[in-house]
Amino acid sequence: MNFVFPACLAKLGWKPTFKPTGNKLKCVYLQRGSSIWTEETDGAKARGEPSRDFAKLYELDNDPQRKAFLDELFVFMQKRGTPVNRIPIMAKQVLDLYRLYKLVTEKGGLVEVINKKLWREITKGLNLPTSITSAAFTLRTQY
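Note that this is a predicted model, so its numbers are computed, not measured.

### Quick look at the packing of aromatic side chains
1) Next: In total, this model carries 4 aromatic pairs according to the counting rule given.
2) Next: Between phenylalanine 69 and tyrosine 98, the aromatic rings sit 5.4 Å apart at their centres with planes inclined by 55°, giving tilted as the arrangement. Separated by 29 residues along the polypeptide, phenylalanine 69 in helix H3 (residues 64-79) and tyrosine 98 in helix H4 (residues 97-106) bring together distant segments of the chain. For the pair formed by phenylalanine 69 and tyrosine 98, the shared burial category is buried.
3) Next: With a centroid separation of 4.8 Å and 25° between ring planes, the pair formed by phenylalanine 69 and tyrosine 101 is classed as stacked. You can see phenylalanine 69 sitting in helix H3 and its partner tyrosine 101 sitting in helix H4, a full 32 residues away along the chain.
4) Next: The class of phenylalanine 69 is buried, set by a relative accessible area of 18%.
5) Next: Take tyrosine 101: its relative accessible area is 35%, and that puts it in the partly exposed class.
6) Next: Here the aromatic cluster, defined as three or more aromatic residues joined through ring pairs, consists of Phe69, Tyr98, Tyr101 and Tyr143.

This is the structure in structure tokens:
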């Protein structure tokens, strides 16, 4: 199993804890008694709970700034009291939060993208189907 526990979560006090469940051992990542995601020891994703999605964000490309951005994002969101517990999914794929940020800032920032209605370009840049009718709303919300 090639699961990588994000360093930023370790810095926030998240730690993997193993619990027996039937004939399997389940890894539950905890902080102050609440779980963020679980992972079966055979690598299977527990239904309805994010497992490797956080690691997928780190592995989408080799951009050296990706890790630093994601670490900062998760720490920031945790500190402001709105931790990222689930990675957003669009068109049945993990929404690349780093790429979303890069595309929006390249277009002049959130206000510019909203005012100039550039969400279709952002959608194309993320390789999402342009047929998603709620793409602008969803991307703006996730941003």
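### Some details on the pattern of salt bridges
1) Next: Inspection of the entire model under this criterion finds 5 salt bridges.
2) Next: We note a salt bridge from aspartate 96 to arginine 66, for which the minimum N-O separation is 2.9 Å. Taken together, the residues aspartate 96 in the loop between strand E5 (93-94) and H4 and arginine 66 in helix H3 connect sequence positions 30 residues apart.
3) Next: Using a relative accessible area of 13% as the deciding quantity, one classes aspartate 96 as buried.
4) Next: Given a relative accessible area of 1%, arginine 66 falls into the buried group.
5) Next: Several salt bridges share partner residues, and in doing so they unite Asp61, Arg66 and Asp96 into one network.

What counts, and where the lines are drawn
Residues numbered from 1 in each chain as written. Predicted model: local features only at pLDDT ≥ 70, side-chain atom pairs only at ≥ 80, totals over all residues. Heavy atoms only, no water. Phe/Tyr/Trp six-rings, centres within 6.5 Å; stacked < 30°, edge-to-face > 60°. Helix = DSSP H or I, 4+ residues; strand = E, 2+ residues; numbered from the N terminus. Buried < 20%, exposed > 50% of the residue type's maximum accessible area, 1.4 Å probe, protein only. Salt bridge = Lys/Arg side-chain N within 4 Å of Asp/Glu carboxyl O.

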